[in-house]
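# Coordinates in review
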Amino acid sequence: MDKQYSKPMFNGNELNDKVIVVTGGGSGLGKAMATYFLKLGAKVVITSRNLEKLKATATEMEAETGGRVLPLSCDVRKYDEVEAMLDETIKTFGTVNGLLNNAAGNFISPTERLSANAFDTVIDIVLKGSKNCTLAFGKYWIKNKIQATVLNIVTTYAFTGSAYVVPSATAKAGVLAMTRSLAVEWAKYNIRMNAIAPGPFPTKGAWDRLLPGDLKDKFDISKKVPLKRVGEHQELANLAAYLMSDFSAYINGEVITIDGGEWLQGAGEFNMLEEIPSQLWDMLEVMIRSKNKKE
Ligand code: HXC
Ligand code: NAP
């Protein structure tokens with residue numbers, strides 16, 4: 001069957017009037033979302049710590065989409081670098097009206113093995129980085145009365161928590177709280193704030209750090225997903241484009257999970273009954289019904 005979800009959802013110029021900064025836009029999911037924004041007519045800035053990598057990616061993206069990409073070095077942990085990145089964006093494109101907080105740092109580790117600096121490093125990239133960008137851009141938008149949208153990439157363990165990635169879970173939960181808080185506070189300035197909570201979408205950056213070595217084979221992550229597959233980058237890009245576009249103008253303060261039902265599978269009290277074969281249900285039904293008989 002044709003996989004509709006592997007295809008672009010929009011095909012026109014739905015993001016024609018957008019100038020969007022994608023932090024961590026030079027790799028993985030950030031690159032996939034940025035590429036799709038370009039295809040829909042947006043002007044895009046991709047940022048990360050590695051300018052050489054960004055420049056190569058920008059050239060590749062421009063060739064693929066015919067769009068306009070500005071690669072900028074910016075460590076999101078440093079507020080002065082974020083302000084400089086904002087200034088450079090405005091200098092090049094005249095304005096900015098979209099921010100995708102996608103940059104992240106993460107790795108698996110028992111928490112007691114972490115140094116204070118290791119914990120801080122992840123918190124600083126994810127929570128402080130998202131805060132730095134949101135605050136700098138928000139001040140600019142409010143001062144200049146610009147209607148704008150912020151989209152934050154969190155994860156499903158922002159609500160459940162997760163062992164072995166505790167700094168990331170702590171930081172992503174903070175980003176989600178910021179999303180919901182500012183959705184209310186800044187709505188009066190025509191600034192929308194939403195989040196996406198992806199389940200597993202294979203990328204080199206995440207898989208090298210979360211499933212190193214043969215862990216990929218030991219833990220087939222698609223088995224944890226009720227739909228029995230991992231996500232495809234285009235389906236995430238479709239959702240991100242919708243949330244960045246004016247088609248989602250009434251969606252504000254929302255977090256949309258895109259995980260094939262993964263986190264709920266871990267949560268439901270009786271979800272383990274999935275393992276019961278269908279023939280056994282006949283017997284179980286008889287047993288249960290027998291208890292209903294009036295004495
Ligand atoms: C224990 C570690 C460690 C490890 C680093 N550290 N790796 N501690 N186990 N595996 C410690 C270091 O010793 C140091 O502490 C501190 O962390 C900072 O390390 P640096 O290497 O100096 O930091 P930096 O160069 O800034 O790199 C940041 C990073 C790195 C987070 C450590 O992994 C990175 O650059 N990541 C960016 C990309 C990324 O993580 N992508 C995956 C996102 S996936 P000391 O005390 O020695 O100074 C994701 C998915 C979520 O978020 C959901 C999936 C379903
Ligand atoms: P990725 O390719 O490693 O993306 C992370 C990006 O962040 C990289 O481009 C990295 O670039 C950049 N970055 C890291 N530290 C930075 C800093 N201090 N300043 C600026 N940029 C920085 O991994 P990914 O899987 O695409 O992850 C993208 C987003 O999706 C993250 O928010 C992640 O938490 C989220 N997510 C991913 C999954 C998944 O299954 N892949 C699931 C849920 C959520 P440099 O290292 O070059 O700076």
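Residues numbered from 1 in each chain as written. Chains lettered and ligands numbered in written order. Predicted model: local features only at pLDDT ≥ 70, side-chain atom pairs only at ≥ 80, totals over all residues. Heavy atoms only, no water.

## Quick word on the nonpolar core
Counting 31 residues, the largest nonpolar core has L15, M33, F37, V44, I46, L100 and I196 as its most contacted members. For this core, the secondary structure elements donating two or more residues are strand 1 (19-23), helix 1 (28-39), strand 2 (43-48), helix 2 (51-65), strand 5 (148-153) and helix 9 (233-244). No other element matches the seven residues that helix 9 contributes to this core. If sequence neighbours within four positions are ignored, I46 has contacts with V22, G25, G26, A34, L54, T57, A58, M61, V69, L70, P71 and L72. Counting residues in each nonpolar core, the second largest holds 29 residues, with V21, L72, F137 and Y140 among its members. (Core = buried A, V, L, I, M, F, W, Y, C linked by side-chain atoms within 4.5 Å. Buried < 20%, exposed > 50% of the residue type's maximum accessible area, 1.4 Å probe, protein only. Helix = DSSP H or I, 4+ residues; strand = E, 2+ residues; numbered from the N terminus. Contact = heavy atoms within 4.5 Å.)

## Here's the deal with the packing of aromatic side chains
Evaluation of the coordinates by the stated rule reveals three aromatic pairs. Considering the side-chain rings of F10 and F247, the 5.4 Å spacing of their centres and the 25° angle between planes classify their relative orientation as stacked. On the criterion of sequence distance, the pair formed by F10 in the segment before strand 1 and F247 in the loop between helix 9 and strand 7 (255-258) is long-range, its members being 237 residues apart. Residue F247 is classed as exposed on the basis of its relative accessible area of 57%. On the basis of an interplanar angle of 75° and a centroid distance of 5.7 Å, the ring pair of F137 and W141 is categorised as edge-to-face. (Phe/Tyr/Trp six-rings, centres within 6.5 Å; stacked < 30°, edge-to-face > 60°.)

## Brief notes about the side chain of T23
Here T23 is to be found in strand 1. The exposure class assigned to T23 is buried, which follows from its relative accessible area of 2%. With residues up to four places along the chain from it excluded, the contact list for T23 reads T47, V76, L99, L100, N101, N102, A103 and C133.

## Examining the site of ligand 1
Neighbouring ligand 1 are 16 residues; R49, N106, S115, N117 and R209 lie closest to it. Here an oxygen atom of ligand 1 and a side-chain polar atom of R49 are 2.8 Å apart. Taking S115, its side chain carries an N or O atom lying 2.5 Å from an oxygen atom of ligand 1. Taken by itself ligand 1 offers 1100 Å² of open surface, and the protein chains cover 59% of this. Among the secondary structure elements, those contributing two or more residues to the shell around ligand 1 are helix 4 (116-144) and helix 7 (204-210). (Near = heavy atom within 4 Å. Polar contact = N/O pair within 3.5 Å; in protein donor to acceptor, adjacent residues only side chain to side chain. Areas by Shrake-Rupley, 256 points an atom, 1.4 Å probe, with all protein chains shown as cover.)

## Some words on the site of ligand 2
Close contacts around ligand 2 come from 28 residues, with S27, L29, R49, N102 and T203 the closest. Within the backbone of G24, a nitrogen or oxygen atom sits 3.4 Å from an oxygen atom of ligand 2. Here D75 contributes a side-chain N or O atom positioned 2.9 Å from a nitrogen atom of ligand 2. In the complex, 89% of the free accessible area of ligand 2, which totals 870 Å², lies under the protein chains. Looking at the shell around ligand 2, the elements with two or more residues in it are helix 1 and helix 7. Counting residues per element, the shell around ligand 2 draws most heavily on helix 7, which supplies three residues. Looking at the shell around ligand 2, its residues break down into 13 nonpolar, ten polar and five charged. (Nonpolar A, V, L, I, M, F, W, Y, C, P; charged D, E, K, R; others polar.)

## A word on empty space enclosed by the protein
In this structure the tally under the stated criterion is two cavities of 30 Å³ or more. The volume enclosed by the largest cavity comes to roughly 40 Å³. For the lining of the largest cavity, the residue count by class is five nonpolar, three polar and no charged. Where the lining of the second largest cavity is concerned, the elements lending two or more residues are helix 4 and helix 6 (166-185). Of the residues belonging to the lining of the second largest cavity, the class tally is four nonpolar, three polar and one charged. (1 Å grid on protein atoms, 1.4 Å probe; cavity = no way out; pocket = protein on both sides within 12 Å on 5 of 7 lines; lining within 4 Å. Points joined across faces, edges and corners; volume = space filled by probe spheres on them.)

## Re the layout of surface pockets
The space that makes up the second largest pocket amounts to roughly 210 Å³. Going through the elements one at a time, strand 5 and strand 6 (191-198) are the ones with two or more residues in the lining of the second largest pocket. When the residues that make up the lining of the second largest pocket are grouped by side-chain class, the tally is four nonpolar, six polar and three charged.

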